[in-house]
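Residue-level structural notes
These are the residues of each chain, in order.
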Amino acid sequence: MSRAVALRLGVFAGALALAFGAAYAIGSAVDPIAAAEPAPPAGMADMGGETHGAGHGESGGQLPGLAVSDAGYTFAPESTFFTANSKTVLRFTIKGPDGKPVTGYTPTHEKDLHLIVVRRDLSGFHHVHPTRDAQGVWSIPFTFTAGGTWRLYADFQPAGFDRTLTLGTDVNVSGLYIPVPLNEPASSYSVHTYDVTLAGTPVAGKESELTFKVSSGGKPVTDLQPYLGAFGHLVSLREGDLAYLHNHPAQHAEVGMKGGPEITFGTTFPTAGAYRLFLDFQHAGAVHTAEFTVQVGSDGRPIVPPTVMPNEGEPHGHGEETQHK
């Protein structure tokens, strides 16, 4: 080998080493952890009287639910491996900036912490409320209904902290995995004896009004019961990264009040794309979940009627006292 060729090869190898070194440094710097002290954005206001711009808005430019840690608080599950269709207990802590489990919380929507569990294909949605012991360990009996990767969201506000945090992490569930395709956009959904319709013209990047209407047996339901301080609870997840949106309706609800048939939300979809909406409502002492796929554009497309009425697939875990506390 001539000296010229050897020199050229040496320069090429050095360039490769520098390129790989730079790539490693960049990769090491990127982590699903939000900025330690993000500035709360001027975002959407919660229509139930609490501020969701700071509470469920973007943190350091990142949408809620995408990071396992934010502002020094970390979502720490005891285990991230489970078996499908096997009864287990989900245990986790929220670690504070001092690295210790948080034991003090400010209730939001009547609970110290809301736990959302959903598979990454957006099937198997559960909204549950675990209990906490004196050491700050949260726990709840749970059964994962299918194999695959599941996403957990913890929605809470630490005592003395000025906003609500939504942290997310994945867990692995062994067992049969059959991907469930996302339903086509539709404006109606049937669950148990209820039909729920959705109307609105969502626009990316702007607050959009969404109105759900609940009926049963062809008659409007006018005696919805309060659930978590409102007549409905809405969680929206973006397809792909599962960014988390969380809003409540305009009308506040207290024990003894009756609502329906309409429940209206103000929701800001951050980007164009497909979203899965999960509406929880309570009637006759039971909580039900209606699911909708909404395609959001930049031009305000109306939500279209379905060709076939979608209906409930697998159970959502509502109605069990161990989960809805």
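Report follows, based on the coordinates. These figures come from a predicted structure and were not determined experimentally. (Residues numbered from 1 in each chain as written. Predicted model: local features only at pLDDT ≥ 70, side-chain atom pairs only at ≥ 80, totals over all residues. Heavy atoms only, no water.)

Moving on, we come to the sheet that holds strand S8 (residues 137-142). Within a sheet, adjacent strands bond to each other through the backbone by hydrogen bonds, running parallel or antiparallel. Read from one edge to the other, the open sheet built from 5 strands follows the order S1-S2-S4-S8-S7, with strand pairing classed as antiparallel. Across the chains shown, the open sheet's two edge strands, defined by having one partner strand only, are strand S1 (69-70) and strand S7 (131-132). With 2 bridges joining them, S1 and strand S2 (residues 73-77) adopt antiparallel strand pairing. Residue Asp-70 lies in a different strand from S2, and its bridge partner there is Tyr-73. (Pairing = 2+ DSSP bridges. Helix = DSSP H or I, 4+ residues; strand = E, 2+ residues; numbered from the N terminus.)

On a regular strand, each side chain points to the face opposite its neighbour's, so the side chains alternate between the two faces of the sheet. Most of strand S18 (residues 273-283) sits out of view: 11 of its 11 residues are buried. When S18 meets strand S19 (residues 286-296), the two strands line up antiparallel, connected through 11 bridges. The residue bridging His-283 from the neighbouring strand is Ala-286, located in S19. With antiparallel pairing between neighbouring strands as the criterion, S18 and S19 make up a hairpin whose turn holds 2 residues, including Ala-284 at a positive phi of roughly 55°. (Buried < 20%, exposed > 50% of the residue type's maximum accessible area, 1.4 Å probe, protein only.)

Okay, the sheet that holds strand S6 (residues 126-128) next. Across the sheet, which stays open at both edges, the 5 strands sit in the order S3-S10-S9-S5-S6 with mixed pairing between neighbours. Each of the sheet's edge strands pairs with one partner strand only, and the pair in question is strand S3 (81-83) and S6. Here the average twist between neighbouring strands, direction ignored, is 30°. As judged from the 3 bridges shared by S3 and strand S10 (residues 165-174), these two strands associate in the parallel manner. Looking at the pairing, Phe-82 lines up with Val-173 of S10. (Axes fitted to C-alpha atoms, helices over the stretch in contact; angles between N-to-C directions.)

On inspection of all chains with the given rule, the structure shows 15 aromatic pairs. Pairing Phe-75 with Phe-92 gives two aromatic rings, centres 5.1 Å apart and planes at 75°, and the pair type is edge-to-face. Of the two residues, Phe-75 sits in strand S2 while Phe-92 sits in strand S4 (residues 88-95), which places them 17 residues apart along the sequence. This pair shows no difference in class: Phe-75 is buried, exactly as Phe-92 is. Aromatic pair Tyr-189 and Phe-292: ring centres 6.2 Å apart, planes at 50°, arrangement tilted. Of this pair, Tyr-189 sits in strand S11 (residues 188-191) while Phe-292 sits in strand S19, and the two are 103 residues apart along the sequence. Given a relative accessible area of 2%, Tyr-189 falls into the buried group. By relative accessible area, which is 1% here, Phe-292 ends up buried. Of the aromatic side chains, those joined through ring pairs into one cluster are Phe-75, Phe-92, Tyr-105, Trp-138 and Phe-156. (Phe/Tyr/Trp six-rings, centres within 6.5 Å; stacked < 30°, edge-to-face > 60°.)

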